[in-house]
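Below, each chain spelled out in residue letters.
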Amino acid sequence: MTTVTYNIPAIHCGHCTHTIETEVGELQGVQSVKADEAAKKVEITFDAPANEQVIKALLAEINYPADGLITL
Ligand SMILES: [Cu+2]
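Within each chain, residues carry numbers counting from 1 in the order of the written sequence. The model is predicted, so local features are restricted to residues of pLDDT at least 70 and side-chain atom pairs to those at 80 or more, both for listing and for counting; the totals for chains, interfaces and linings are taken over all residues. Only heavy atoms go into the side-chain values, all of them from the structure, while hydrogens and water stay out.

1. Comments concerning the overall build of the chain
- Scanning the chain for helices and strands turns up two helices and four strands.
- For the chain, the spread of C-alpha atoms along the principal axes amounts to about 30 × 25 × 20 Å.
- Note on classification: 1.4 Å probe, protein chains only; a residue is buried when its accessible area is under 20% of the maximum for its type, exposed when over 50%, partly exposed between these limits. In the chain, which comprises 72 residues, the share counted as buried stands at 33%.
- In what follows, residue pairs with any heavy atoms lying within 4.5 Å of each other are defined as contacts. The long-range share in the chain, meaning contacts at least 24 apart out of those at least 6 apart in sequence, stands at 60%.
- Values of accessible area rely on a 1.4 Å probe in the Shrake-Rupley scheme; residue burial ignores everything except the protein chains shown. For the chain, the exposed surface amounts to about 4200 Å²; the carbon and sulfur share of it is 49%.
- Lys and Arg are tallied as positive, Asp and Glu as negative. Neither His nor the chain termini are counted. Lys charges are placed at NZ, Arg charges at CZ, Asp charges at CG and Glu charges at CD. When the 4 positive and 10 negative side-chain charges of the chain are each reduced to one mean point, those points stand 8 Å apart. Secondary structure elements follow DSSP: runs of H or I no shorter than four residues count as helices, runs of E no shorter than two count as strands, and numbering proceeds from the N terminus.

Rendered as structure tokens:
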């Protein structure tokens, strides 16, 4: 299991966090998605077949591109 945290500058309200949590949560292999409206960050825990490439591609597709990986 892998946990990553991304900056998502496009987050600006609770609707954004809801959209991200719903869309990313539907990816196969994603265990949990926690989007933080105030911090403009999302924490995602996943297993295969999900991977960072797939998650970042989806975030870009729904117009919430990840702005780099935060190393925990
Ligand atoms: Cu919003």
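So that's the structure; there's more coming.
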